[in-house]
Amino acid sequence: MPARNIKGNVQAQDKILYVANKLGLSSLKYMQATTRVVYDQSTTAATQHTLFEGAAARSFPLTNLGANGNQFQVDEALLVEKIAFFIPDAADGENFTGNTNRSFKFDLIIGNKTVMKDVVVEAGGQQAFYTDGTAASLVIDLEGVGILIPPQVEFKIQAKLMNSSTREAVSERVGCYLFGTGVLLNFNTSI
Amino acid sequence: MPGQQTTRYIYDSVTTVAGQTSFSFFQTFAGKNDLQTNLTTNKLDSSESMVIKSIYLRGNITPGLTGHSNLNITVGNQVVLKDFNLAFNATNRGVSFDRLHSGFSGTTVLEVRLLTDIVIPPQVNFKATLELAENTTLVSENLTLGFKGYGTIFSAGSTF
């Protein structure tokens, strides 16, 4: 089926099952549905950051990915529906701040494939969609249904920071989360 | 399943100790009054069930709820919410999961709306564990975790 035919009123779980079927992941439909957020932080100030890659070497609160790092284990997956960036307020990565004048240009790479290219999350760029108190939104909603990160495939984000107004590069810490509908491993049989 | 359909809210409150960063909810009920929890055991009755639609967290702990967190919810032996970071919905920092994020969300209270329905069936144990990144908690502060959603409660109907 051409990709265009799955647009329209397709739901998140429909897309997960569609992609899983294409990839031959026949057991994914028996797993536990969930809401999931994975995040990672680069707490050394720089103008460019690679997030999620090497996350297995980091622990909470720098990331919540655990020992598997930047790939989900067997029969776990995440349909990315929202992506947001934030700025850790210290090297320990325990907390973070919002901001109104930083934009984040990023690529999302899953396996060997760039699935989002040169996308920018502009400070306040989604005001038509988000009423986030009085803050400028730093969340981007993926158009359509989202993009699936399948089990056991590495993913990463390459990001650059800039001043939203002057468009100059900025050296700061960066954190990022991927949020959406998830799948968790569920043994449906006695082992 | 017969029963009265309803909107259900269940919660549990824990008292913290200094330096504590890990908290367990819906596991200990002894010594708690009806304002600290509205359950007496960590499972619903035989005629009751619910679907978790949103998660509420409130506390008067010193560092607040703005630091990163890890929430795990287990129903039976199945983890249904894994390493979920609630902090992005705390305060107004522009990174909330919800498009309509209240300006009243503060450092001590937050709510997260889930994308998927999580079912708590009748008579199945459930529990939640929360890990906070910041550990400057003082003695005898409180932390409350609540689950809100729809469900069923007992209805006599024509059974009797």
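Residues numbered from 1 in each chain as written. Chains lettered and ligands numbered in written order. Predicted model: local features only at pLDDT ≥ 70, side-chain atom pairs only at ≥ 80, totals over all residues.

Within chain A, the regular secondary structure consists of 1 helix and 11 strands. Seen in sequence order, chain A has helices and strands lined up from the N terminus as α-β-β-β-β-β-β-β-β-β-β-β. Scaling as 2.2 N^0.38, a compact globule of 191 residues should have a C-alpha radius of gyration of about 16 Å, and chain A matches this with 17 Å. C-alpha extents for chain A along the principal axes are approximately 55 × 40 × 30 Å. In chain A, which comprises 191 residues, the proportion classed as buried is 44%. Contacts in chain A between residues far apart in sequence, at least 24 positions, make up 71% of those at least 6 positions apart. (Helix = DSSP H or I, 4+ residues; strand = E, 2+ residues; numbered from the N terminus. Rg over C-alpha atoms; globule rule 2.2 N^0.38 Å. Buried ≥ 20, exposed ≤ 12 C-beta atoms within 10 Å, placed from the backbone. Contact = placed C-beta atoms within 7 Å.)

On to the overall build of chain B, then. Secondary structure assignment for chain B yields 0 helices and 9 strands. Helices (α) and strands (β) of chain B occur, in sequence order from the N terminus, as β-β-β-β-β-β-β-β-β. Over its C-alpha atoms chain B spans a radius of gyration of 16 Å, differing by no more than 12% from the 15 Å that the globule rule assigns to 160 residues. Overall, chain B is about 55 × 40 × 30 Å in size when its C-alpha atoms are taken along their principal axes. Burial analysis of chain B (160 residues in total) assigns 41% to the buried set. Contacts spanning at least 24 positions in sequence make up 76% of the contacts within chain B whose residues lie at least 6 apart.

We now examine unusual backbone geometry. The omega torsion of the bond from Phe60(A) to Pro61(A) falls at 10 degrees, within 30 degrees of zero and hence cis. Within the secondary structure layout, Pro61(A) lies in the loop between strand 2 (48–51) and strand 3 (77–88). Located in the positive-phi region is Arg167(A), a residue other than glycine, with phi close to 60 degrees. Tracing the backbone through its elements, the reader meets Arg167(A) in the loop between strand 10 (155–163) and strand 11 (172–184). The backbone phi angle of Phe26(B) is positive, close to 60 degrees, even though this residue is not glycine.

This paragraph deals with the sheet that holds strand 1 (residues 4–15) of chain B. Residue and element names in this part refer to chain B. Sheet architecture is open: 4 strands sit in the order 1-9-3-7, paired in antiparallel fashion. One side of each edge strand has no neighbouring strand; the edge strands of this open sheet are strand 1 and strand 7 (109–120). Averaged over all pairs of adjacent strands, the angle between their axes in this sheet comes to 20 degrees, without regard to strand direction. (Pairing = 2+ DSSP bridges. Axes fitted to C-alpha atoms, helices over the stretch in contact; angles between N-to-C directions.)

Moving on, we get to the interface of chain A and chain B. Listed by partner, the interface residues are 36 residues for chain A and 31 residues for chain B. Among the elements of the structure, strand 1 (32–46), strand 3, strand 7 (131–132) and strand 11 of chain A are those that each provide at least two residues to the side of chain A that touches chain B. Looking at the side of chain A that touches chain B, the element that brings in the most residues is strand 1 of chain A, giving 7 residues. Split into classes, the residues belonging to the side of chain A that touches chain B amount to 17 nonpolar, 15 polar and 4 charged. (Nonpolar A, V, L, I, M, F, W, Y, C, P; charged D, E, K, R; others polar.)

Our focus in this paragraph is the nonpolar core. Generally speaking, a soluble globular protein has its nonpolar side chains buried in company with each other. Counting residues in each nonpolar core, the largest one holds 85 residues, and the members touching the most others are Ala84(A), Phe85(A), Leu138(A), Cys176(A), Tyr177(A) and Leu86(B). When residues of this core are assigned to their parent elements, the largest contribution, 9 residues, is made by strand 3 of chain A. For Ala84(A), the residues in contact, after removing those within four places along its chain, are Leu138(A), Val139(A), Cys176(A), Tyr177(A), Phe88(B) and Val95(B). (Core = buried A, V, L, I, M, F, W, Y, C linked by C-beta atoms within 7 Å.)

Another aspect to go through is the confidence of the model for chain A. The share of residues in chain A with pLDDT of 70 or more is 96%, and the mean pLDDT across the chain is 91. Across chain A, the secondary-structure element scoring lowest on mean pLDDT is strand 7 of chain A, at 82, and the one scoring highest is strand 2 of chain A, at 98. (pLDDT = per-residue confidence, 0-100.)

Attention shifts here to the sheet that holds strand 5 (residues 78–84) of chain B. All names here are of chain B. Spatially, 2-8-4-5 is the arrangement adopted by the 4 strands of the open sheet, whose pairing is antiparallel. Each end of this open sheet is capped by a strand with a single partner; those strands are strand 2 (22–25) and strand 5. Within the sheet, the average angular offset between the axes of one strand and its neighbour, ignoring direction, is 10 degrees. Bridging between strand 2 and strand 8 (residues 126–132) involves 4 bridges; their strand directions are antiparallel. Along strand 8, the bridge assignment pairs Phe25 with Ala128.

All names here are of chain A. Within the secondary structure layout, Asn68 lies in the loop between strand 2 and strand 3. Look at Asn68 and you get partly exposed, because 14 C-beta atoms sit within 10 Å. Once the C-alpha coordinates of Asn68 and Ala57 are considered, the two residues, 11 residues apart in sequence, prove to be 9.5 Å apart. If near-sequence neighbours (up to four positions away) are discounted, Asn68 is found in contact with Ala56 and Gln73.

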